[in-house]
Structures are given as C-alpha cells and as structure tokens.
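A structural walkthrough
Listed below are the residues making up each chain.
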Amino acid sequence: MAGTAVVTGASSGIGEATARRLAKEGYDVVAVARRADRLSRLAEETGARTCRVDITDAESVRRFAAELDSCDVLVNNAGGAVGADTVAEAAAADWERMFSVNVLGTLRVTQALLPLLRAGGGGTVVTVTSTAAFTNYAGGGGYSAAKHAEHALSETLRVELCGEPVRVIEVAPGMVRTEEFALNRLRGDAERAAAVYEGVDRPLTADDVAECVALAVGLPQHVNIDQLVVRPLAQAAQHQLHRGPLFNG
Ligand code: NDP
C-alpha cells in the first residue's frame, strides 16, 4: 500500500478523478465531500473510504480529522466559483462563499491533517488552485481573489515547513471541462455553462488534472514541484483562448 491519501471534493470532477487515480496507484484513498450518494458510488467502484465533511464547517473538519489515523497525501481540491459578476456588481455573499470554501476550507483541512502528515515521516500536500491564482479577468474578481489567497497559503506553508519532510505542491489548471464547475458558477444556467467551452478543441478533462496530481505525488519525496501550471493546448494564456479546431482530421 502506497499510504493514505485524503482527497477533498471527491464527489465530482477533478477530485473524483484524482481519488480514482490514486486508488489505482495503490493508495488507501479517503474521499471527502458533502454528497453521500456520490461518495458511496465512488466507494463501491474503487474501494475508497469515504467521509461526509463540509470543509466550511470547523466542527465537521475537526470530527473528520479526529477519526483519521494516518495521512500521507492530502489533496486540497474542494472549491469552486460562485457567480461571474463584475466588481461593481458582485454580491459580497458570493465572495464570502468563495473565500469560505477555497481559502478557509483549505486552511482548516490542512491545519487539521498536518500533525498526521508530519507524523508519517514524509507527507505531501497538493492544493488545486487555478490559473486564476495569478491572472485576473473581467467577471472573475471574487474567484481570482480567493485563488490568489489559496496560492499564498500554499506558498507560505512550503516556506514555513522548510526543513521538514513534507512536500507542498500547487497544481494550477486552466480551462477544465467538468460536469459541475461552470454550472455551479453560473447558478445552474446550462446554456451559459455550455457556452464557456463552446468551440474549444479539447479543454482539459478531470482525468488530465488527476494525471498531473499523480505525477507530482509519484516523484521521489525529495522532489517538490512547487507549482504545476497546466492548460489545454487551445488556451495559450488566460486571455488567449482559441475556439475552433486545432488539428486536421
Ligand atoms: P466541481 O464543482 O466538479 O467539484 C467541486 C467539488 O468540491 C465537489 O466534489 C464538491 O462536492 C466539493 N465541495 C464543494 N464545496 C464543499 C464543501 N463545503 N465541503 C466539502 N466539499 C465541497 O469542480 P471541479 O472538479 O471542476 O474543480 C475542482 C477544483 O479545481 C476547485 O478547487 C476548482 O476551483 C479548481 N479548478 C477548476 C477548474 C475548471 O475549469 N473546472 C479550473 C481550475 C481550477 P459536494 O458538493 O458533494 O460537497
């Protein structure tokens, strides 16, 4: 057994793909999210252990950590965007929700599991931020601000743990087509969610990002990828997205 890997946000998208991938690699996966039905299906299909945790709730995180006896890899993936409004018009409540899950949720889970990550003699913390963690775009103020903060958390933690055998890795994806991300962001508007990816030849998939996480985790323990930025070929930069075919045939 490769060790215990906790994956947050494992009920869908990148987290689910990462849980599946790490289970295949031989990890004892603990899949964390709020929706029990989706977690049960994952457990049946992969043998992963599951735990219903709301990472925005301190008590829920505390109870989860108290029941866990080991953690070698923590993948902080749970998160997302709420709304695509301008700074002039955004609701502060949406910004609060984004900070609550992406920043404070990641902080809580990391703090709670750090003793176990340290105890194992060689832990790894992977945090899935975004290319929005270092570039801003119109309508992305709250999400970018939260992801910038999540990036700051990850970088600060790496500096603070220097001298200890715990790796701190950030995976920052560009456009990933997952089932729920855009739908959640756009409050269930399926048409607008589909338009995000319209004409884009092969956005990243959840499996592509899971592959990157597995790659970073699978390197020898003395090799720390500080930040792995991954985009689809069609997206050369945050503001440079090609809509149309990339390859002939
Ligand atoms: P999804 O919306 O598909 O998945 C989000 C996951 O987070 C779900 O499993 C959800 O589970 C979980 N989650 C949300 N809130 C909480 C909470 N309070 N407590 C516990 N779990 C929670 O998103 P993606 O897979 O697309 O994104 C995953 C991560 O990657 C996010 O951090 C996102 O910001 C980032 N990202 C995504 C990109 C994209 O284009 N899709 C691009 C770059 C980064 P449940 O509802 O069951 O709790």
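Report follows, based on the coordinates. (Residues numbered from 1 in each chain as written. Predicted model: local features only at pLDDT ≥ 70, side-chain atom pairs only at ≥ 80, totals over all residues. Heavy atoms only, no water.)

Here's the deal with the sheet that holds strand β6 (residues 167-173)
Stated formally: Two strands make a pair as long as DSSP finds a minimum of two bridges between them. Elements are defined by DSSP. Helices are runs of H or I of four residues or more, strands are runs of E of two residues or more, and each kind is numbered from the N terminus. All axes are obtained by fitting lines to C-alpha atoms, using only the stretch in contact for helices, and the reported angles, taken between N-to-C directions, cover 0 to 180 degrees. When checking whether two residues touch, look at their non-hydrogen atoms; a contact exists if any pair is within 4.5 Å.
In spatial order, the strands read β3-β2-β1-β4-β5-β6-β7; together these seven strands make up an open sheet with parallel pairing. Strands at the two margins of the open sheet, each flanked by one partner only, are β3 (49-52) and β7 (227-230). Here the average twist between neighbouring strands, direction ignored, is 15°. Pairing of strand β1 (residues 3-8) with strand β2 (residues 27-33), which is carried by six bridges, proceeds in the parallel orientation. Looking across to β2, one finds that T8 is bridged to V32. Sitting on the sheet, helix α2 (residues 36-46) touches β2 and β3, and the angle it makes with β3 is about 170°. On top of the sheet, helix α4 (residues 92-119) reaches β1, β4 (73-76) and β5 (124-128); it is set at about 175° to β4, its chief contact.

Some details on a nonpolar patch on the surface
Defined as follows: Each patch is assembled from residues with relative accessible area greater than 30% and no salt bridge, linking like charges that lie within 9 Å and nonpolar side chains (Val, Leu, Ile, Met, Phe, Trp, Tyr) that lie within 5 Å. Here, Shrake-Rupley sampling with a 1.4 Å probe gives the accessible areas, and only protein chains in the shown set may cover a residue. We count a salt bridge whenever a side-chain nitrogen from Lys or Arg sits within 4 Å of a carboxyl oxygen from Asp or Glu.
Taken together, L233, L246 and F247 make up a surface patch of nonpolar side chains, about 290 Å² in accessible area. Take L246: it is sitting in the segment after β9 (240-241).

Details of the side chain of E180
Rules: Buried residues are those whose accessible area, probed at 1.4 Å on protein chains only, stays under 20% of the maximum for their type, while exposed residues exceed 50% and partly exposed ones sit between those limits.
Tracing the sequence through the fold places E180 in the loop between β6 and α6 (181-185). The class of E180 is buried, set by a relative accessible area of 15%. Not counting residues within four places of it along the chain, the set of residues in contact with E180 comprises S12, R35 and R38.

As for the pairing of β7
Going residue by residue along β7, you find L228 and V230 tucked away on one face and Q227 and V229 left uncovered on the opposite face. Relative to β7, β6 runs parallel, the two being bridged by four bridges. Each residue of the ladder has a partner; that of A172, found in β7, is V229.

A short note on the site of the ligand
Selection criterion: What makes a residue near a molecule or strand is one non-hydrogen atom of that residue sitting within 4 Å of it. Here a polar contact is recorded for every N or O atom pair within 3.5 Å, except that within protein the pair must consist of a potential hydrogen donor and a potential acceptor, and residues adjacent in sequence are included only if both atoms are side-chain atoms.
What surrounds the ligand is a group of 30 residues, the closest being S11, I14, R34, Y143 and T178. Note that an oxygen atom of the ligand is positioned 3.0 Å from one of the backbone N or O atoms of G9. Residue Y143 places a side-chain N or O atom 2.6 Å away from an oxygen atom belonging to the ligand. Protein chains shield 94% of the accessible area of the ligand, which is 880 Å² for the free molecule.

Some remarks on the packing of helix α3 (residues 58-67) against α4
Filter applied, for reference: Angles are sorted into four bins: roughly parallel if under 35 degrees, roughly antiparallel if over 145, roughly perpendicular if 65 to 115, and oblique for all others. Crossings are sorted by hand: turned counterclockwise from the far helix by less than a right angle, the near helix makes the crossing left-handed, and turned clockwise it makes it right-handed. Gly falls in the polar group here, along with every residue not listed as nonpolar (Ala, Val, Leu, Ile, Met, Phe, Trp, Tyr, Cys, Pro) or charged (Asp, Glu, Lys, Arg).
Two elements in contact, α3 and α4, have axes separated by 10 Å at closest approach and are oriented at 25°. Considered as vectors, α3 and α4 are oriented roughly parallel to each other. In this structure, the crossing between α3 and α4 has a hand that is right-handed. Residues A58, V61, F64 and A65 of α3 lie in contact with α4, whose contacting residues are R108, V109, A112 and L113. Looking at the contact of α3 with α4 residue by residue, the class counts come to seven nonpolar, no polar and one charged.

With respect to α2
The condition is simple: For this quantity, the arc is that covered by the directions from the helix axis to the C-beta atoms.
If you check which residues of α2 are buried, you get R38, L39 and L42. Buried residues along α2 cover an arc of 100° about the axis, so they all sit on one side. Within α2, the exposed residues directed more than 90 degrees away from the buried face are D37 and E44. Elements that come into contact with the buried residues of α2 comprise α1 (13-24), β2 and β3. Immediately downstream of α2, the backbone of G47 shows phi near 80°, a positive value.

Section: unusual backbone geometry
Unusually for a residue other than glycine, R187 sits at a positive phi of about 55°. Considering the arrangement of structural elements, one finds R187 in the loop between α6 and α7 (190-196). The phi dihedral of R202 is positive, around 60°, even though this residue is not glycine. Within the secondary structure, R202 is located in the loop between α7 and α8 (206-218).

Regarding the pairing of β4
As a reminder of what qualifies: Here is how to tell: hold the view so the strands point away, follow the path from the first strand over the helix to the second, and if it runs clockwise the crossover is right-handed.
Neither face of β4 is exposed, since V73 and V75 on one face and L74 and N76 on the opposite face are all buried. As paired strands, β1 and β4 are joined by three bridges and run parallel to one another. Counterpart to A5 in the pairing with β4 is V73. Taken together, β4, α4 and β5 constitute a β-α-β crossover, and its handedness is right-handed.

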